[in-house]
Amino acid sequence: AVRLAISFLLIALASALVTFLATEEEGPGLILVTNGLLLGYLLLAPRWNWPRYLAVSFVAQIVGGLLAGGHWKLMLFVAVWNIVQVTAAAALLRQPSRELPRFTERSYLLRFLAVAFIAVPLTEAIAFLPFVYFPRGATSVVAYLDWSVADSLGIVVATPAFVAIFRRHFRGRVNPRKNWPYLALVVAASIAGFSQSEVPIFFL
């Protein structure tokens, strides 16, 4: 119950931030972490518990979007599609069902990238581009592809991070002396990305 409550709060917060920031000028440049967060939960939870996390996520996405001023029809559509997308990704990555994520192994990492960065965007394109293109034309296709790429980047970035945080033994394996270069890279990329607007490198 505690884990489900925390997942509700985190997913609602992520959905609210995405909904709010998407209305700003820099909306298409976002990295959407909501699906990456939910996928992290599903990769660690037993399959019999997936329906609970999916139901909590569905409600949390709608609540978070509505609190940020989103339209209920759009929030309902986005929540349904996100649930379908993340469930498919989790099912592909949990073969067999008892398999846990192993992002430190090259074979699993390549499979994760193939699912999150190739299969998911390709499925989105096949399913929705006809509905996006014919009513509004090529301009909306570009905006849609920007959103799809931001969604995929969010999964690639957020899922391994949240899986590491959610694991109980994570704290015991952190070695600040060994891992400080990674923090330095994050700081350097953040400064480079936010101190100028000529080169679009926010994704770093």
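Please read all numbers here as calculations on a predicted model, not as lab measurements. (Residues numbered from 1 in each chain as written. Predicted model: local features only at pLDDT ≥ 70, side-chain atom pairs only at ≥ 80, totals over all residues. Heavy atoms only, no water.)

**Here's the deal with the packing of aromatic side chains**
Now for step 1: A complete count under the given rule lists 5 aromatic pairs for this structure.
Now for step 2: Their ring planes at 85° and their centres at 4.9 Å tell us that Phe103 and Phe112 sit as a pair that is edge-to-face.
Now for step 3: Since its relative accessible area comes to 19%, Phe103 is described here as buried.
Now for step 4: Clustering of aromatic rings is evident, with ring pairs tying together Tyr41, Tyr53, Phe162 and Phe166. (Phe/Tyr/Trp six-rings, centres within 6.5 Å; stacked < 30°, edge-to-face > 60°. Buried < 20%, exposed > 50% of the residue type's maximum accessible area, 1.4 Å probe, protein only.)

**What about a nonpolar patch on the surface?**
Now for step 1: Residues Leu66, Trp72, Leu76, Val80 and Val84 make up a contiguous nonpolar surface patch of about 440 Å² in total accessible area.
Now for step 2: Sort the elements by how many residues they give to the nonpolar patch and helix 4 (residues 72–93) lands first, with 4 residues.
Now for step 3: Relative to the helices and strands, Trp72 is located in helix 4. (Patch = residues over 30% accessible without salt bridge, like charges linked within 9 Å, V, L, I, M, F, W, Y side chains within 5 Å. Areas by Shrake-Rupley, 256 points an atom, 1.4 Å probe, with all protein chains shown as cover. Salt bridge = Lys/Arg side-chain N within 4 Å of Asp/Glu carboxyl O. Helix = DSSP H or I, 4+ residues; strand = E, 2+ residues; numbered from the N terminus.)

**Overview of the nonpolar core**
Generally speaking, a soluble globular protein has its nonpolar side chains buried in company with each other.
Now for step 1: Leu38, Leu39, Leu42, Leu93 and Phe112 are the most contacted members of the largest nonpolar core, which totals 28 residues.
Now for step 2: Counting residues per element, the ones that place at least two in this core are helix 1 (2–22), helix 2 (34–44), helix 3 (50–67), helix 4, helix 5 (106–136) and helix 6 (138–166).
Now for step 3: Sorting elements by how many residues they give to this core places helix 2 first, with 6 residues.
Now for step 4: Setting aside residues no more than four positions away along its own chain, Leu38 makes contact with Ile11, Tyr53, Leu54, Ser57, Ile83 and Val86. (Core = buried A, V, L, I, M, F, W, Y, C linked by side-chain atoms within 4.5 Å. Contact = heavy atoms within 4.5 Å.)

**Quick notes on the pattern of salt bridges**
Here the idea is simple: oppositely charged side chains can pair when their charged atoms come close.
Now for step 1: By the definition in use, this model includes 1 salt bridge.
Now for step 2: A salt bridge links Glu105 to Arg102; the shortest N-O distance between them is 2.8 Å.
Now for step 3: Relative accessible area serves as the criterion here: at 34%, Glu105 is assigned to the partly exposed category.

**Some words on helix 4**
Now for step 1: The first and last C-alpha atoms of helix 4 sit 31 Å apart over 22 residues, in line with the 32 Å expected at 1.5 Å per residue.
Now for step 2: Buried within helix 4 we find Met75, Ala79, Trp81, Asn82, Ile83, Gln85, Val86, Ala89, Ala90 and Leu93. (Expected span 1.5 Å × (residues − 1).)

**Some remarks on the environment of Ala16**
Now for step 1: Relative to the assigned elements, Ala16 resides in helix 1.
Now for step 2: Owing to a relative accessible area of 19%, Ala16 belongs among the buried residues under this scheme.
Now for step 3: Placed 50 residues apart in sequence, Ala16 and Leu66 show a C-alpha to C-alpha distance of 7.6 Å.
Now for step 4: When sequence neighbours within four positions are dropped, the list of residues in contact with Ala16 reads Gly64, Gly65 and Ala68.

**Overview of the environment of Ala12**
Now for step 1: Within the secondary structure, Ala12 sits in helix 1.
Now for step 2: Each C-alpha atom, one on Ala12 and one on Leu66, is 9.7 Å from the other, the two residues being 54 residues apart in sequence.

**Some remarks on helix 3**
Now for step 1: Its 18 residues give helix 3 an end-to-end C-alpha distance of 25 Å, which sits within 8% of 26 Å, the value for a rise of 1.5 Å per residue.
Now for step 2: Taken together, the buried positions of helix 3 are occupied by Trp50, Tyr53, Leu54, Val56, Ser57, Ala60, Gln61, Ile62, Gly64 and Gly65.
Now for step 3: Looking one or two places after helix 3, you find Gly69, whose phi comes out positive at around 95°.

**Here we look at the packing of helix 3 against helix 4**
Now for step 1: At a minimum axis separation of 9 Å, helix 3 and helix 4 run at an interaxial angle of 150°. In terms of orientation, helix 3 and helix 4 fall into the roughly antiparallel class. As for the relative orientation of helix 3 and helix 4, their crossing is right-handed in sense. In this structure, helix 3 uses Trp50, Leu54, Ser57, Phe58, Gln61, Ile62, Gly65 and Leu66 to contact helix 4, whose residues at the interface are Trp72, Met75, Leu76, Val78, Ala79, Val80, Asn82, Ile83, Thr87, Ala90 and Ala91.
Now for step 2: Looking at the contact of helix 3 with helix 4 residue by residue, the class counts come to 14 nonpolar, 5 polar and no charged. (Axes fitted to C-alpha atoms, helices over the stretch in contact; angles between N-to-C directions. Parallel < 35°, antiparallel > 145°, perpendicular 65-115°, else oblique. Left-handed = near helix turned anticlockwise from the far one by under 90°. Nonpolar A, V, L, I, M, F, W, Y, C, P; charged D, E, K, R; others polar.)

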